[in-house]
Structure formats: C-alpha cells, structure tokens
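# Examining the three-dimensional arrangement
Take a look at the letters that make up each chain.
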Amino acid sequence: MEMTKSLILFCTALAACLALAAAGWSPGTATFYGGADGSGTMGGACGYDNLYNAGYGVNNAALSTTLFNDGASCGQCYRITCDRSRPGGQNCKPGNSITVTATNLCPPNYALPAGGWCGPGRPHFDMSQPAWEHIGVYQAGIVPVQYQQVKCSRSGGVRFGIAGSNYFLLVNIQNLAGSGSVGAAMVKGDKTGWIHMSRNWGANWQALAGLVGQGLSFSVTSTGGQRIQFLNVVPAWWQFGMVFSTNKNFIH
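Quick caveat: nothing in here was measured; it's all calculated off a predicted structure. (Residues numbered from 1 in each chain as written. Predicted model: local features only at pLDDT ≥ 70, side-chain atom pairs only at ≥ 80, totals over all residues. Heavy atoms only, no water.)

## Here's the deal with the overall build of the chain
Of the regular secondary structure elements, the chain holds three helices and 15 strands. When its C-alpha atoms are laid out on the principal axes, the chain stretches across 80 × 35 × 30 Å. Counting over 252 residues, the chain shows a buried share of 46%. Taking the contacts inside the chain whose residues are at least 6 apart along the sequence as the reference set, 69% of them involve residues at least 24 apart. Carbon together with sulfur atoms contributes 57% to the accessible area of the chain, which is approximately 11,800 Å² in total. Each charge sign in the chain was given a centre, from 14 positive and 8 negative side chains, and these centres are 11 Å apart. (Helix = DSSP H or I, 4+ residues; strand = E, 2+ residues; numbered from the N terminus. Buried < 20%, exposed > 50% of the residue type's maximum accessible area, 1.4 Å probe, protein only. Contact = heavy atoms within 4.5 Å. Areas by Shrake-Rupley, 256 points an atom, 1.4 Å probe, with all protein chains shown as cover. Lys, Arg positive; Asp, Glu negative; His and termini not counted. Charge placed at Lys NZ, Arg CZ, Asp CG, Glu CD.)

## Remarks on the UniProt feature "domain: Expansin-like CBD" (unreviewed entry) in the chain
Residues annotated in UniProt with the feature "domain: Expansin-like CBD" (unreviewed entry) correspond here to residues 167-246. Structurally, residues 167-246 comprises 0% helix and 55% strand, and the distance from its first C-alpha atom to its last is 25 Å. (UniProt positions renumbered as here; feature names shortened; annotations may be inferred.)

## What about the environment of threonine 66?
Along the chain, threonine 66 falls in helix 2 (residues 65-68). With residues up to four places along the chain from it excluded, the contact list for threonine 66 reads Gly119, Pro120, Gly121 and Arg122. A distance of 3.4 Å separates a polar side-chain atom of threonine 66 from the backbone nitrogen of arginine 122. (Polar contact = N/O pair within 3.5 Å; in protein donor to acceptor, adjacent residues only side chain to side chain.)

## A short note on the packing of aromatic side chains
All told, the structure shown has eleven aromatic pairs when counted by the stated rule. Judged by centre distance (6.4 Å) and plane angle (55°), the ring pair of phenylalanine 230 and phenylalanine 250 falls under tilted. Placement of the pair is phenylalanine 230 in strand 14 (residues 227-234) and phenylalanine 250 in the segment after strand 15 (243-245), with a sequence separation of 20 residues. Among the aromatic residues, ring-to-ring pairing joins Phe160, Phe218, Phe230 and Phe250 into one connected group. (Phe/Tyr/Trp six-rings, centres within 6.5 Å; stacked < 30°, edge-to-face > 60°.)

## A look at the sheet that holds strand 12 (residues 204-207)
Adjacent strands of a sheet pair through backbone hydrogen bonds, lying either parallel or antiparallel. Overall, antiparallel pairing links the five strands, which are arranged 11-12-8-7-15 in an open sheet. If you trace the sheet from one side to the other, it starts and ends with strand 11 (198-201) and strand 15, each paired once. On average, each strand axis in the sheet is tilted by 35° relative to the strand beside it, whichever way the strands run. As judged from the three bridges shared by strand 11 and strand 12, these two strands associate in the antiparallel manner. Residue pairing for strand 12: arginine 199 is matched across the bridge by tryptophan 205. (Pairing = 2+ DSSP bridges. Axes fitted to C-alpha atoms, helices over the stretch in contact; angles between N-to-C directions.)

## Some details on the sheet that holds strand 14
With respect to topology, four strands assemble into an open sheet ordered 10-9-13-14, the strand pairing being antiparallel. Two strands close off the open sheet at either side, each with one partner strand: strand 10 (194-196) and strand 14. Taking each pair of neighbouring strands and ignoring which way they run, the sheet shows an average axis angle of 25°. Note: strand 9 (residues 182-189) against strand 10, three bridges, orientation antiparallel. Paired with methionine 186 across the bridge in strand 10 is histidine 196.

## Description of the state of the cysteines
A full pass over the atoms with the stated rule returns four disulfides. Across a sulfur-sulfur distance of 2.0 Å, cysteine 106 and cysteine 118 are joined as a disulfide pair. Between cysteine 106 and cysteine 118 the disulfide shows an S-S torsion of about 95°. By sign, it is right-handed. Pair noted here: cysteine 106 is in strand 4 (residues 97-106) and cysteine 118 is in the loop between strand 4 and strand 5 (124-128), with a separation of twelve residues, a long-range link. Comparing cysteine 106 with cysteine 118 shows no difference in burial state: the two are buried. The cystine pairing of the chain, numbering bonded cysteines in sequence order, is 1-2, 3-8, 4-5, 6-7. (Disulfide = S-S within 2.5 Å.)

## Considerations on the pattern of salt bridges
Enumeration according to the criterion identifies one salt bridge in this entry. A salt bridge links aspartate 83 to arginine 86, with the nearest nitrogen and oxygen atoms 3.5 Å apart. Overall, arginine 86 belongs to the partly exposed group, its relative accessible area being 26%. (Salt bridge = Lys/Arg side-chain N within 4 Å of Asp/Glu carboxyl O.)

## Focus: the side chain of serine 64
Of note, serine 64 is situated in strand 2 (residues 60-64). At a separation of 2.6 Å, a polar atom in the side chain of serine 64 contacts the main-chain carbonyl oxygen of arginine 122.

## Here's the deal with the environment of phenylalanine 230
Accessibility expressed as a relative area gives 1% for phenylalanine 230, which makes it buried. Placed eleven residues apart in sequence, phenylalanine 230 and serine 219 show a C-alpha to C-alpha distance of 6.1 Å. Other than its neighbours up to four places away in sequence, phenylalanine 230 contacts Val158, Phe160, Ser217, Phe218, Val220, Thr246, Lys248 and Phe250.

Right under this line is the structure:
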C-alpha cells in the first residue's frame, strides 16, 4: 500500500513537471533580499533608482548573470511559481505564484563554489522579500521554482530619465509594458535628425551628442519588436536629473 502511494505521488509530481515544461516553464531557484518592506531593493543595476517612481514597485527581482543578459533583461516580467516536486519543495506555499520585474543584477559570489546561486549558468532570482514570501516559507531562505517570461502590465506611459553632460546624453527608459525591455532606441533634438543610441548599462541608453537646450523626441523599439515614436516629450528647458512621462506604451 505504501509503495502504491509513493508511486502515485511520484507520478503526480512528474506529470506536474511535464505540464509546466510543455507550457514553456523553466526550472530555477529563488532567494530574497532587501528587507521585509523591500526598501533594500531600490536602485540597482538597471538604473531605475526609486522603483515606485519608475513604475515597478516592490514586486521585483535581481537576476543571475545568466538571466540578466548584460542589462538587456531590465524591465522584463517573470511569472514565478514554487516547485514542490524538487528538493526543498516542502518549503513552498502551495498554489501560489507571483509576477516580478527584473530591476537588478545578482552577481556571482566566487567565495562560494561555482559562484554561488547566482554563478554562471544558473537561472536564479534574488527576489524582494515581500514577493518571495508570497511563494516560500521565510525560514527556508531558498526554494526551487519554475519560471517563464510573461507580458508586463504597466500603469501610464513610458518614462525617460535624463542624465549625462553637455556633450553626452544618458537616458533611462522605464515603465515599458509588453515585453518590458528595450531592444533599440534613437533620440532627436529640435535641431538634429534621428541619432542612434546604444546601451550604456542596465536600462540606460546613450547618445554622444550635445543636445542641451533642445527639445527631445525618442524612438524606442521593444524587445517584442514594436516601435513607438515619442515626439516632443522633453521640452527644451529640461535639466539633467529630470524624468518625463508619456501617454504611450507597448503591447508586445
């Protein structure tokens, strides 16, 4: 009888794993950081600074190097569910899953074997504590998960944070819906044509051009392949450190 019960449980877990794989889920692991209120997750390697102002809030995660992709994953959304079928699964809160936004990098720790949980080749999410506790038991510290990238839902339009210097423009592009992340960007001043931008770090895109005193327009292509022009969204009186909101956003 006990052997039959064990076999049934094994088959049920196996069927669940196969169903997740068929639905496009991948295995990984998840830990947490940033304190019970998530305040320690503000800032980070995507450059969003205050995650509430940037449109992301507390449901966020730092991605391991494998998932972070040198910042190309900044702003993407991931649906994460705790995997009760794997070792450590007893620490899952059953039936719960949560969607988080990639806002930071979890770097390898080479003081640990293979760089620790965020070492090369490991898909790992270091989630905000409030998000992690939605799926896992606090005392465990780490749980096995299944994850998949999903479309992002955002309130309001895309936002542009302006930084740089007189001859160097650095723009943090944030609050993207759809794929959530930027694939390409261009900027246009009142007195220039379209200038191609390149990724500097995280969600920050740069243009080696002197655009102080000019109104700015942007053309942004999401990693989902949709391109939107944001015309005249930054007035000529802009100053470094300002953030400008729009009324347009992506659907894919």
